[in-house]
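One letter stands for each residue in the lines below.
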Amino acid sequence: MEVERVENASLDEVTQPRLRAGERAYERILLTHLPVGAEIAVSASVARYGLYRRGGSWIFAGDRFLGRHAVWAAVIEASSGSPDSLAVHIEPIPDRPAHNRMVLRAIRPGVARISLTVQPLDSSGRPTAGERVVDTVSIKVQ
């Protein structure tokens, strides 16, 4: 999950940096504990095995790798086991119509189990024909 927007909290209160495997770059990952009042918009990605290109730009063409890599995914369903503690809803991304994100809103202290269903997207941002991916995460509001 990639944190896109944070309101009513600092980025450091809701994420922590993690070194990307095989790179000299960090990414921010969502913590499993959030402060009351925080609202976080999160985009999803899923791991796929196959040939992919990393580091592409107009200066550097990028190297091809075979292995697991992340592809964007649209959030299809999201629910909270404790909506009075941590509310969840799906929000469309205006410039990417097929790509939705999940918004978490920490209301009061407690633990919520978030269920998430996503559909992987292809390189042009359209849903793939593959199966949907279902996952859960427990988040503590404190």
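In case you missed it, the structure is sitting above this.
About the criteria used
- Residues numbered from 1 in each chain as written.
- Predicted model: local features only at pLDDT ≥ 70, side-chain atom pairs only at ≥ 80, totals over all residues.
- Heavy atoms only, no water.
- Helix = DSSP H or I, 4+ residues; strand = E, 2+ residues; numbered from the N terminus.
- Buried < 20%, exposed > 50% of the residue type's maximum accessible area, 1.4 Å probe, protein only.
- Polar contact = N/O pair within 3.5 Å; in protein donor to acceptor, adjacent residues only side chain to side chain.
- Contact = heavy atoms within 4.5 Å.
- Core = buried A, V, L, I, M, F, W, Y, C linked by side-chain atoms within 4.5 Å.

For this particular structure, what's the right way to read the side chain of Glu91?
Position of Glu91 relative to the elements: it lies in strand β7 (residues 86-93). Taking the relative accessible area as the measure of exposure, Glu91 reaches 18% and is therefore buried. Looking at Glu91, its side chain comes within polar contact range of the side chain of Arg5, at 3.2 Å. Within the structure, Glu91 has its side chain in polar contact with the side chain of Arg101 (distance 2.7 Å). With near-sequence residues (within four places) excluded, Glu91 lies in contact with Arg5, Ala41, Asn100, Arg101 and Val103.

Just to check I follow, could you spell out the nonpolar core for this structure?
Soluble, globular proteins show a tendency: their nonpolar side chains are buried together. Counting 23 residues, the largest nonpolar core has Leu30, Leu34, Ile40, Leu86, Leu104 and Ile114 as its most contacted members. Broken down by secondary-structure element, the contributors of at least two residues to this core are β5 (39-54), β6 (63-80), β7, β8 (96-106), β9 (110-120) and β10 (133-141). In contact with Ile114, not counting residues within four places along its chain, are Ser79, Ser80, Leu86, Val88, Met102, Leu104, Asp135, Thr136, Val137 and Ile139.

Honestly, unusual backbone geometry in this entry has me stumped. Any pointers?
In most cases, non-glycine residues show a negative phi, while peptide bonds are predominantly trans. One non-glycine residue with positive phi stands out, namely Asn8, at about 65°. Here Asn8 shows up in the loop between β1 (2-7) and α1 (11-14). For Asn8, a relative accessible area of 64% corresponds to the exposed category.

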